[in-house]
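# Reading the structure
So the chains spell out like this:
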Amino acid sequence: MKNIYRWDNLTRPEIEKLRDENAIIIIPTGSTEQHGPHLPVGADALISTGYAERVAKILSEQYGKRAVVAPTVSVGNSIHHMSFAGTITLRPETYMQWLLEYCQCLAHHGFRKIVMINGHGGNNFPTETAIININEALGFPVYFCPSSSLGSEKEMDEILETQRRGVHACEMETSVMLAMYPELVDPIYKEIKGGNITKDNYPGPSKPYTFQRMEERTDNGSVGNAYAATPEKGEKIVATFSRKLAALISELWD
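Treat the numbers as computed from the prediction; the structure is a model and nothing was measured.

## As for the packing of helix α3 (residues 92-108) against helix α4 (residues 124-138)
Packing of α3 against α4 brings their axes to within 9 Å, and their N-to-C directions diverge by 40°. Judged by the twist between their axes, the crossing of α3 over α4 is right-handed. Note on element contacts: α4 touches α3 through Pro 126, Thr 127, Thr 129, Ala 130, Asn 133, Ile 134, Ala 137 and Leu 138, opposite Pro 92, Tyr 95, Met 96, Leu 99, Leu 100, Cys 103, Gln 104 and Ala 107. Grouping the amino acids of the contact of α3 with α4 by side-chain chemistry returns 12 nonpolar, four polar and no charged.

Here it is in C-alpha cells:
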C-alpha cells in the first residue's frame with residue numbers, strides 16, 4: 001500500500017507538489033551494525049524511519065504542516081562496532097560529506113525545511129559537525145534531532161525497569177523494536193543482558209569523553225538488559241517521543 005509520508009513512494013509530480021507546499025523534509029539517520037544476538041543489524045535505521053513516519057503523520061494531521069520522510073541514511077558512523085559481524089560503516093568524514101551532498105540535492109529541488117531524526121548515537125558528533133558545513137553551503141538552517149532528543153533520562157527512567165536510559169540493544173531499544181517490528185526480534189532477547197547496566201550503574205555524561213570500541217564494553221554486543229523489554233514499554237516510548245519530536249519540529253517553522 002502506498003505510504004503518502006514516504007518520499008520513495010511518491011511520483012515526481014507529487015514531490016513537486018510537496019515543494020510548492022513548502023513541505024518539511026525529515027531525513028532519518030541510522031546505521032547498519034550488530035545489535036547483539038537478538039536484534040537485526042538495521043535496528044537503528046528501522047527505528048529512526050519508524051519515528052520519522054509517525055512524526056510526519058502527526059505534523060500533517062495535527063499541526064497542519066505537510067511533511068514527508070526522505071530516504072533513510074542507513075549506513076553511518078559505526079567504526080566502534082566493526083569487531084562484530086554484520087556491521088557496515090563509513091568514516092566520519094565520508095558520512096559528513098554524504099549528508100552535505102544529500103541536503104544539497106534537496107535544496108536544489110527547492111526544499112528549504114530540512115530536519116534529521118537520528119536513531120544511532122555514533123552519528124551524533126559527526127552530524128552536528130556536518131551541520132556547520134551544510135548550513136554554510138545552503139545558506140539556510142538544516143536542523144538535527146540527536147538520539148538524545150528521543151527522551152530525557154527522567155522520562156526513560158519512568159518507563160524502564162532496569163536502566164535509566166537507552167544504551168545499545170538494551171531494554172529500551174528492544175522494547176521499541178517489539179512495538180514497531182516484532183517479527184524482527186529474536187525471542188532469545190529474553191535471555192540477554194550486557195555491560196553490567198543497572199539503574200545505579202550507568203556510564204553517564206559526567207565522565208570525560210573518549211572513543212571506545214564496543215568489545216571493550218560488552219562480549220555479546222549488547223549493552224543493557226534486553227530481557228526486561230516488552231512491547232508495552234515500546235508502545236509508550238514510541239507514542240510519547242513521536243509526539244515530542246513532532247512538537248519540537250513544528251516549532252522550528254512557526
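After that view of the structure, there is still more to cover.
## Some points on the packing of helix α2 (residues 43-62) against helix α6 (residues 171-180)
Interhelical geometry of α2 versus α6 gives an angle of 60° and a closest axis separation of 11 Å. Judged by the inter-axis angle, α2 sits oblique to α6. Crossing hand, α2 versus α6: left-handed. On the side of α2, the interface is formed by Ala 43, Asp 44, Leu 46, Ile 47, Gly 50, Tyr 51 and Arg 54, while α6 contributes Glu 173, Val 176, Met 177 and Met 180.

## A short note on the side chain of His 81
In this structure, His 81 sits in the loop between β2 (67-69) and α3. Residue class for His 81 comes out buried when judged on its relative accessible area of 1%. Reaching out from His 81, the side chain makes a polar contact with the side chain of Glu 33 at a distance of 3.2 Å. A polar atom in the side chain of His 81 sits 3.0 Å from the side chain of Gln 34.

The rules behind the values
- Residues numbered from 1 in each chain as written.
- Predicted model: local features only at pLDDT ≥ 70, side-chain atom pairs only at ≥ 80, totals over all residues.
- Heavy atoms only, no water.
- Axes fitted to C-alpha atoms, helices over the stretch in contact; angles between N-to-C directions.
- Helix = DSSP H or I, 4+ residues; strand = E, 2+ residues; numbered from the N terminus.
- Left-handed = near helix turned anticlockwise from the far one by under 90°.
- Contact = heavy atoms within 4.5 Å.
- Nonpolar A, V, L, I, M, F, W, Y, C, P; charged D, E, K, R; others polar.
- Parallel < 35°, antiparallel > 145°, perpendicular 65-115°, else oblique.
- Buried < 20%, exposed > 50% of the residue type's maximum accessible area, 1.4 Å probe, protein only.
- Polar contact = N/O pair within 3.5 Å; in protein donor to acceptor, adjacent residues only side chain to side chain.

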